[in-house]
Amino acid sequence: MKTDKSINFFLMFIAILMMLTTAYYVNRIALRNNVSLKVDEALSLTGARLTDKVYATVEKTKSNKVGKNEREEFEFNIINIGDNALNNWNVYLTIPKGAKIESSWNVEYSYYNDERDMVVLTPDYYYLSINPMEYVDFGVFMSTPVQYFPTEIRFVGYQLLGTYYTQINRTLGIIYLFWLIAFIGFLVTKFNLRSYREKQKNDVKLILQSMNTFISFIDAKDPYTRGHSKRVAMYAAEIAKRMQLSEDEIQNIYYAGLLHDAGKISVPDAVLNKPGKLSDEERALIQNHTVAGGKMLKQMSSIRGIRETALYHHERYDGNGYPEGLKGESIPLYARIVGVADSYDAMSSNRVYRRHLNKDDIIEEIQKGSGTQFDPDIVKYMVDMINDGYVNVVKMETADNDEHSSDFHITESDVPGVYMGY
Ligand SMILES: [Fe+2]
């Protein structure tokens, strides 16, 4: 969703940039070139081509007497023989003294001077432009006291320069091509992103299905620790978040927390739930859940750190833990984080052999273990979470699941990190 928004924003930004670029270039090219040239020609109406741009013809199409005057219709043709369109043109026509224009077609008329012996003919909007090798025709009805036939008109118009068109078209072509490529790129990215997200969703589903299978096995083994896996996962993810690890790492740590005790499946029930003191052999069996977990989760190599966490979450910072006696930073980070979260949850929940400790005792215990059992950096975050009440939020959120323990399972909304909100 977030990605969608930024892509749309980016696209809008590109669109505005494109428009500004287009406007800038059009403006620059227009300024650098004489975009139009005034054409002001006296044209013979006898059909003689006096210029290489435009010529004109005239025809008397009607003539009859109305009272003392002649009533005549003249039809004019203006032909563009140049290479460029003629725009915004007017025609100046001299008429006899006392003559009067009565009506016209395709053009409007107005008198040019006080003597009223010159008319200006202005084209209707549709005929404003004459393209190369095209013509326009128009006509006037005139009543005149004397015999009259026009021999010349003055044509004034504006010729757009070809270079202007070529350059504008070329620039626009490049810009539109760029636009098209950007748009296709956008569609492809969007499509890929959608399939990638689908795949991610499926991956999460698949991971959660296997996680839930594991968790139901672990919880079935040890009802007293029901909900333990989920709480440890949440504490561990929160520590990771406060350590400002990346979203991917937070998510991996969450998964690693969920399955850290997977190896307990291999410990006999009688040993696991024994209330009394354990023999050395029994203790060894319980401690072996780390190695057993590591072996089980070897196959889950796609989630980074999950195997190491199961294997090393009982290592101690001072090197006195099991199974390998790793020390300090040589214990993988996820295992150090889950180790602290695991111990906190053990102290704060009831177990078969004792009731949970109170808050102050837990803080004291954890701080006592700082630098010996636990990584001192991680202890800081855990103590903060106890003091600011985050741990209670976790307990409340997991409490409901404990009551309905038979259908206790992790859903997509439980998993922190990048998949949220998709
Ligand atoms: Fe454990």
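Scroll up for the structure.
Residues numbered from 1 in each chain as written. Predicted model: local features only at pLDDT ≥ 70, side-chain atom pairs only at ≥ 80, totals over all residues. Heavy atoms only, no water.

Concerning the nonpolar core
Stage number 1. Core analysis: the largest hydrophobic core is formed by 50 residues, its most contacted members being Met211, Tyr255 and Ile366.
Stage number 2. Residue assignment for this core shows that the elements contributing at least two residues are helix H2 (162-221), helix H3 (228-242), helix H4 (247-258), helix H8 (306-312), helix H9 (333-348), helix H10 (359-369), helix H11 (376-387) and helix H12 (390-403).
Stage number 3. By residue number, the principal contributor to this core is H3, which donates 8 residues.
Stage number 4. The contacts of Met211, once residues within four sequence positions are left out, are Tyr255, Leu258, Leu259, Met300, Ile303 and Ile306. (Core = buried A, V, L, I, M, F, W, Y, C linked by side-chain atoms within 4.5 Å. Buried < 20%, exposed > 50% of the residue type's maximum accessible area, 1.4 Å probe, protein only. Helix = DSSP H or I, 4+ residues; strand = E, 2+ residues; numbered from the N terminus. Contact = heavy atoms within 4.5 Å.)

Quick look at the sheet that holds strand E2 (residues 54-66)
Stage number 1. Strand order across the open sheet formed by 4 strands is E2-E3-E9-E5, with antiparallel pairing between neighbours. Since the sheet does not close on itself, it has two edges, and those belong to E2 and strand E5 (100-105), each with one partner. Within this sheet the neighbouring strands show an average axis-to-axis angle of 20 degrees, counted without direction.
Stage number 2. Both E5 and strand E9 (residues 135-144) contribute to a ladder of 5 bridges, which runs antiparallel. (Pairing = 2+ DSSP bridges. Axes fitted to C-alpha atoms, helices over the stretch in contact; angles between N-to-C directions.)

Details of the packing of H4 against H9
Stage number 1. Two elements in contact, H4 and H9, have axes separated by 10 Å at closest approach and are oriented at 60 degrees. Taken together, H4 and H9 sit at an angle that is classed as oblique. Here the hand of the crossing between H4 and H9 comes out right-handed. Between H4 and H9, the contacting residues are Glu249, Asn252, Ile253, Ala256 and Gly257 on the first element and Tyr334, Ile337 and Val338 on the second.
Stage number 2. The class makeup of the residues in the contact of H4 with H9 is 5 nonpolar, 2 polar and 1 charged. (Parallel < 35°, antiparallel > 145°, perpendicular 65-115°, else oblique. Left-handed = near helix turned anticlockwise from the far one by under 90°. Nonpolar A, V, L, I, M, F, W, Y, C, P; charged D, E, K, R; others polar.)

Points about the packing of aromatic side chains
To describe a pair of aromatic rings, one takes the distance between the centres and the angle between the planes.
Stage number 1. Counted under the stated rule, the structure contains 11 aromatic pairs.
Stage number 2. Here the aromatic rings of Phe74 and Tyr148 are separated by 5.6 Å at their centres, their planes lie at 85 degrees, and the arrangement is edge-to-face. Residue Phe74 is found in strand E3 (residues 69-80), and its partner Tyr148 is found in the loop between E9 and strand E10 (152-160); the two are separated by 74 residues along the sequence. Of the two residues, Phe74 and Tyr148, both sit in the buried class.
Stage number 3. For the pair Tyr126 and Tyr127, a centre-to-centre distance of 5.2 Å together with 85 degrees between the ring planes defines the contact as edge-to-face.
Stage number 4. Taking the relative accessible area as the measure of exposure, Tyr126 reaches 70% and is therefore exposed.
Stage number 5. Residue class for Tyr127 comes out partly exposed when judged on its relative accessible area of 24%.
Stage number 6. Three or more aromatic residues joined by ring pairs form one cluster here, namely Phe76, Trp89, Phe138 and Phe155.
Stage number 7. Over the aromatic face of Tyr111 sits the side chain of Arg116, whose NZ or CZ is 4.1 Å from the ring centroid. (Phe/Tyr/Trp six-rings, centres within 6.5 Å; stacked < 30°, edge-to-face > 60°. Lys NZ or Arg CZ within 6 Å of the ring centre and 35° of its normal.)

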